[in-house]
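Residues per chain, in single letters:
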Amino acid sequence: MFEKDMKIGFLLDFYGEVLSERKRTVLDYYYNDDLSLAEIAEEIGISRQGVRDLIKKAEEELHFYEEKLGLAERFRNTQQCAERLLKLLGTEHESRELQRAAEELAETVRS
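From a predicted model like this one, the values you see are computed outputs, not experimental measurements.

Right, let's get into the environment of Gly 16. Of note, Gly 16 is situated in the loop between helix H1 (7–15) and helix H2 (21–32). Residue Gly 16 is classed as buried on the basis of its relative accessible area, which comes to 4%. Between the C-alpha atoms of Gly 16 and Leu 62, which are 46 residues apart in sequence, the distance is 7.8 Å. Not counting the four nearest positions on each side in its chain, Gly 16 is found in contact with Leu 11, Arg 24 and Leu 62.

Quick look at the packing of aromatic side chains now. Scanning the model with the defined rule gives seven aromatic pairs in all. Aromatic side chains Phe 14 and Phe 75 sit 5.4 Å apart centroid to centroid with 65° between the ring planes, which places their arrangement in the edge-to-face category. With Phe 14 in helix H1 and Phe 75 in helix H5 (residues 71–91), the pair connects residues that are 61 residues apart, well separated along the chain. Seen from their ring centres, Phe 64 and Tyr 65 are 5.9 Å apart, and the 65° between their planes marks the pair as edge-to-face. Put simply, the rings of Phe 10, Phe 14, Tyr 15, Phe 64, Tyr 65 and Phe 75 touch in pairs and so form one group of aromatic residues.

Let's shift gears to H1. Buried within H1 are the following residues: Ile 8, Gly 9, Leu 11, Leu 12 and Tyr 15. One face of H1 carries all of its buried residues, which in axial projection span an arc of 165°. Relative to its buried face, H1 has exposed residues pointing more than 90 degrees away, namely Lys 7 and Asp 13.

In this structure, Leu 27, Val 51, Ile 55 and Leu 62 are the most contacted members of the largest nonpolar core, which totals 19 residues. Listing elements by their share of this core, those giving two or more residues are H1, H2, helix H3 (37–44) and helix H4 (48–69). Filtering out sequence-adjacent residues up to four positions away, Val 51 remains in contact with Val 26, Leu 37, Ile 40, Ala 41, Ile 44 and Ile 46. Of all hydrophobic cores here, the second largest spans five residues; its members include Ala 82, Leu 86, Ala 102 and Ala 106.

Look at Asp 34: it is not a glycine, yet its phi comes out positive at around 55°. Position of Asp 34 among the secondary structure elements: in the loop between H2 and H3. The exposure class of Asp 34 is exposed, given its relative accessible area of 55%.

Attention now goes to the confidence of the model for the protein. Confidence in the prediction for the protein averages 86 pLDDT; 92% of positions are at 70 or higher. Per-element averaging of pLDDT across the protein places helix H6 (residues 96–110) at the bottom with 74 and H3 at the top with 97.

The rules behind the values
- Counting restarts for each chain: residues are numbered from 1 in the order of the written sequence.
- Given that this is a predicted model, residues contribute local features only at a pLDDT of at least 70 and side-chain atom pairs are listed and counted only at 80 or more, while totals for whole chains, interfaces and linings are drawn from all residues.
- With hydrogens and water set aside, each side-chain value is computed from the structure's full complement of heavy atoms.
- Numbering of helices and strands starts at the N terminus; helices are DSSP runs of H or I of at least 4 residues and strands are runs of E of at least 2.
- Each residue is assigned to one of three classes by its accessible area relative to the maximum for its type, calculated with a 1.4 Å probe on protein chains only: buried under 20%, partly exposed between the two thresholds, exposed over 50%.
- When checking whether two residues touch, look at their non-hydrogen atoms; a contact exists if any pair is within 4.5 Å.
- Each Phe, Tyr or Trp ring, with Trp reduced to its six-membered ring, pairs with another whose centre is within 6.5 Å; inter-plane angles below 30 degrees give stacked pairs, above 60 give edge-to-face pairs, and intermediate values give tilted ones.
- In this description, the arc belongs to the directions extending from the helix axis to the C-beta atoms.
- Only buried residues count toward a nonpolar core, which is a set of Ala, Val, Leu, Ile, Met, Phe, Trp, Tyr and Cys residues joined through side-chain atoms within 4.5 Å.
- Confidence per residue, as judged by the predictor, is encoded in pLDDT with a range of 0 to 100.

Below, the structure written as structure tokens:
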């Protein structure tokens with residue numbers, strides 16, 4: 001059985017542009033549009049096994065980029081820090097300027 005690694009969708013957001021168009025399209029169909037291997041095979045004109053092979057190769061490539069660059073993990077950590085900062089600031093009556101800066105950081109990371 002071929003199981004989906006849901007982290008791939010997140011990695012696709014970070015590194016999708018460095019994949020070939022074909023790999024990016026197949027991963028997008030599979031993870032974002034939730035198409036089956038058979039549906040993707042019919043859409044792009046290859047066998048189900050060919051689709052599976054493309055998905056596995058593209059996933060390996062995305063994991064390689066994350067291992068080397070770590071952008072997705074850094075983003076997650078930054079997002080968590082910004083959210084924690086906002087939460088802490090919400091409990092104190094600190095400077096409005098500091099509050100605005102924390103909100104700006106959190107908004108930048110969210111988008």
